[in-house]
Each structure stands twice: as structure tokens, then as C-alpha cells.
Amino acid sequence: MYCPRCGTQNDDNNFRCTSCKQILHDAPQPARPVQVDNSIATLIPYRNGAALSAYYLGVFSFIPFLGIFLGLAGFVLGMKGRSYVIAHPEAKGTVHAWIGILVGGFFGFGYLILTIIMVVALLQKG
Ligand SMILES: [Zn+2]
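Residues numbered from 1 in each chain as written. Predicted model: local features only at pLDDT ≥ 70, side-chain atom pairs only at ≥ 80, totals over all residues. Heavy atoms only, no water.

Chemist: What am I meant to see in the overall build of the chain here?
Modeler: In terms of helices and strands, the chain carries 4 helices and 0 strands. Taken from N to C terminus, the helices and strands of the chain fall in the order α-α-α-α. In terms of overall size, the chain is more extended than a compact globule, its C-alpha atoms giving a radius of gyration of 23 Å where 126 residues would be expected to give roughly 14 Å. Among the 126 residues that make up the chain, the fraction classed as buried is 26%. When contacts within the chain are restricted to residue pairs at least 6 apart in sequence, those whose partners lie at least 24 apart make up 51%. Carbon and sulfur atoms form 70% of the exposed surface of the chain, whose accessible area is close to 8,300 Å². Between the averaged position of the 9 positive side-chain charges in the chain and that of its 5 negative side-chain charges there is a distance of 10 Å. (Helix = DSSP H or I, 4+ residues; strand = E, 2+ residues; numbered from the N terminus. Rg over C-alpha atoms; globule rule 2.2 N^0.38 Å. Buried < 20%, exposed > 50% of the residue type's maximum accessible area, 1.4 Å probe, protein only. Contact = heavy atoms within 4.5 Å. Areas by Shrake-Rupley, 256 points an atom, 1.4 Å probe, with all protein chains shown as cover. Lys, Arg positive; Asp, Glu negative; His and termini not counted. Charge placed at Lys NZ, Arg CZ, Asp CG, Glu CD.)

Chemist: Explain the domain arrangement of the chain to me, please; I cannot follow it from the model alone.
Modeler: One frequent convention defines the size of an interface as the accessible area lost when the parts assemble. According to the domain assignment, the chain consists of domain 1 (1-30) and domain 2 (32-125). Placing the centre of domain 1 and that of domain 2 at their C-alpha centroids yields a distance of 42 Å. (Domains from an automatic or database assignment.)

Chemist: When you look at the coordination of the zinc ion in this model, what are you seeing that I'm missing?
Modeler: Geometry reference: four tetrahedral donors at a metal, ideal angle 109.5 degrees. Six octahedral donors, ideal angles 90 or 180 degrees. At the metal site, the zinc ion is ligated by C3 (SG), C6 (SG), C17 (SG) and C20 (SG), and these contacts range over 2.2 to 2.3 Å. Considering all 4 donor atoms around the zinc ion, angles at the metal cover 105 to 116° and the coordination shape is tetrahedral. If you list the donors of the zinc ion from N- to C-terminus, the spacing comes out as C-x2-C-x10-C-x2-C. One end of the pair, C3, is in the segment before α1 (32-43); the other, C20, is in the segment before α1, with 17 residues separating them in the sequence. (Donors = N, O, S within 2.8 Å, 3.2 Å for Na, K, Ca; no water. Tetrahedral: all angles 85-135°; square planar, octahedral: opposite > 155°, others 65-115°.)

Chemist: How do you make sense of unusual backbone geometry when you look at a structure like this?
Modeler: A negative phi holds for most residues other than glycine; trans holds for most peptide bonds. Positive phi values are uncommon outside glycine, yet K21 reaches one of about 70°. Along the chain, the position of K21 falls in the segment before α1. In this model, K92 sits at a positive phi of 65°, which is unusual for a non-glycine residue. Assignment of secondary structure puts K92 in the loop between α3 (66-87) and α4 (94-125).

What follows is the structure, given as C-alpha cells:
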């Protein structure tokens, strides 16, 4: 926590400020529910639906063939989630959006390219 008198950052367990010896625990604490809410939002960005969906689509995009659709959807939603966090930083979800973009993009485009190569190879055979 920050010392209310001099602003020095102190360990939460410190009884007195390390800099000015101000007693810290009489100072008003910041509202606890907001902090808890923010850590949940970091873990599960429920206020950023696009980023959260992108994360799950990205995670399941390893499934062959189905992964083309899941991955590309994850990629697009990840981009949406990214711009949503930039506009609303309190919504969180940057990591989830990036997982959607990177993992979804990797498998989505990877399987798409593989499928195209396979189709081309099959057509050339015939
Ligand atoms: Zn102080």
C-alpha cells in the first residue's frame, strides 16, 4: 500500500511507513471488492466477451479441419477483443485476445493452408 502522508510504497504488512514512520493501518483502505473484481476480470475477462470467446476458440482450434473455422473465428474475435481493451482498459482480456489471435491464427491459417495444399495435390493427381 502507499503511505497516505508521503506516498512511499510500503509492504501491505508494514505497520509503519518505511520512509516517514506514519502508522499505515489507520489509513482508509482502498475498496476491496474492486481489487477482487479486477483480479477475476484479469483471469476471466467477463466484461470483454470477444476476448473470452477468442480464447476458447483459440484453445479448441487445434482440432483438425474444424480448427479452420474455430481458429479463424478466434483470430477475428481476438482482434475485436484487443481493440475493445484499448477502448475500455478496465474490461481486461489482453492475454485472452492475444491467445485467440496467435493460437487461433496459427491453427486456423495452418489448417487452411494444409487443406488447400491437400486439395491441390489431389486435383493434380487426378
Ligand atoms: Zn510515509
